[in-house]
Amino acid sequence: GIFDRGFSNLVNNVVYANTNAGLRVEATHTAGTDRILHNTVYQVTGDAVLVRNSATNAFMQNNVLYVGAGNAIRVESDSLASFQSDWNLFDLGSVGANVGNWNGVAQATIAAWRAATVSRDQNSAVGAALFLDINGADNVFGEQGVGTG
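Residues numbered from 1 in each chain as written. Predicted model: local features only at pLDDT ≥ 70, side-chain atom pairs only at ≥ 80, totals over all residues. Heavy atoms only, no water.

Chemist: Honestly, the pattern of salt bridges in this entry has me stumped. Any pointers?
Modeler: Side-chain pairs of opposite charge can arise where the charged atoms are in close proximity. Taken as a whole and judged by the stated rule, the model has four salt bridges. Salt bridges sharing partners connect three or more residues here, namely Arg24, Glu26 and Arg52. (Salt bridge = Lys/Arg side-chain N within 4 Å of Asp/Glu carboxyl O.)

The structure is reproduced here in structure tokens:
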């Protein structure tokens, strides 16, 4: 996964094959400039996005977050105040998947997430990401270091 320790832009990444968290966001971010934008996270188990350790001004927009079992977004109690999120697609792969976990409480639906987070993700949606072939013709995630001719 990607570990953001502050003052970073996480933009246009494809993240997969993680066991705990796809994007881990911590520490201080500059409001209005540090963003989490246009990422695709495929998280079979765990959290697609984990916001913790007093993260401030974390701003997420226009991300595709697939989670099989766990949370699309988890925001811990020390990072709630300035967290912002909108225009994301939540693809929940199973009954055990949640849109989010806010302050230690799982929110299974987008309506529950919006209510718990005081109207965050008002323009976000839950639905299938419609990936064409997530693991390619060889049924293996990602590039395997093999040169082609």
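Chemist: I keep staring at the sheet that holds strand β7 (residues 59–61) and nothing clicks. Help me out?
Modeler: Pairing between the strands of a sheet is mediated by backbone hydrogen bonds and can be parallel or antiparallel. The strand order across the open sheet formed by four strands is β2-β5-β7-β9, and the pairing between neighbours is parallel. Each edge of the open sheet carries a strand with a single partner, namely β2 (10–11) and β9 (84–86). Two strands pair when backbone bridges link them, and strand β5 (residues 36–37) and β7 are joined in this way by two bridges, in the parallel orientation. Residue pairing for β7: Ile36 is matched across the bridge by Met60. (Pairing = 2+ DSSP bridges. Helix = DSSP H or I, 4+ residues; strand = E, 2+ residues; numbered from the N terminus.)

Chemist: Please explain the environment of Ala97 as it appears in this structure.
Modeler: Mapped onto the secondary structure, Ala97 falls in strand β11 (residues 97–102). Its relative accessible area of 4% is what places Ala97 among the buried residues. Along the sequence, Ala97 and Gly46 sit 51 residues apart, while their C-alpha atoms lie 9.2 Å from each other. For Ala97, the contacting residues outside a window of four places in its chain are Val67, Gly68, Ala69, Gly70, Leu92 and Ala108. (Buried < 20%, exposed > 50% of the residue type's maximum accessible area, 1.4 Å probe, protein only. Contact = heavy atoms within 4.5 Å.)

Chemist: Looking at this structure, I do not really get the packing of aromatic side chains. What am I missing?
Modeler: Geometrically, a pair of aromatic rings is defined through the distance of the ring centres and the angle of the planes. On inspection of all chains with the given rule, the structure shows three aromatic pairs. Pairing Tyr42 with Tyr66 gives two aromatic rings, centres 4.4 Å apart and planes at 10 degrees, and the pair type is stacked. Taken together, the residues span a long stretch of sequence, with Tyr42 in strand β6 (residues 40–56) and Tyr66 in strand β8 (residues 64–75) at a distance of 24 residues. Its relative accessible area of 17% is what places Tyr42 among the buried residues. (Phe/Tyr/Trp six-rings, centres within 6.5 Å; stacked < 30°, edge-to-face > 60°.)

Chemist: So what exactly am I meant to see when it comes to the side chain of Glu26 here?
Modeler: Tracing the backbone through its elements, the reader meets Glu26 in strand β4 (residues 21–28). Overall, Glu26 belongs to the buried group, its relative accessible area being 9%. Here the side chain of Glu26 touches Asn53 through a polar contact of 3.0 Å, side chain to side chain. Beyond its immediate stretch of four places on either side in the chain, Glu26 contacts Phe3, Asp4, Arg5, Gly6, Arg52, Asn53 and Ala55. (Polar contact = N/O pair within 3.5 Å; in protein donor to acceptor, adjacent residues only side chain to side chain.)

Chemist: Just to check I follow, could you spell out unusual backbone geometry for this structure?
Modeler: Glycine aside, a negative phi is what most residues show, and trans is what most peptide bonds show. Although it is not a glycine, Ser54 adopts a positive phi angle of roughly 60 degrees. Within the fold, Ser54 resides in strand β6. Its identity is not glycine, yet Trp87 carries a phi of approximately 55 degrees, on the positive side. Inspection of the secondary structure puts Trp87 in the loop between β9 and β10 (89–92).

Chemist: Explain the pairing of β11 here, please?
Modeler: The side chains of a regular strand alternate, first on one face of the sheet and then on the other. Summarising burial for β11: six of the six residues are buried, a large majority. Where β8 and β11 come together, five bridges link them in parallel fashion. Residue Ile73 lies in a different strand from β11, and its bridge partner there is Gly100. Direction of pairing for β11 relative to strand β12 (residues 105–107): antiparallel, over a ladder of three bridges. Along β12, the bridge assignment pairs Trp102 with Val105. Where β11 folds back onto β12 in an antiparallel hairpin, the turn is made up of two residues, including Asn103, whose phi is positive at roughly 60 degrees.

So far we have only geometry, and geometry alone does not tell us how the molecule works.
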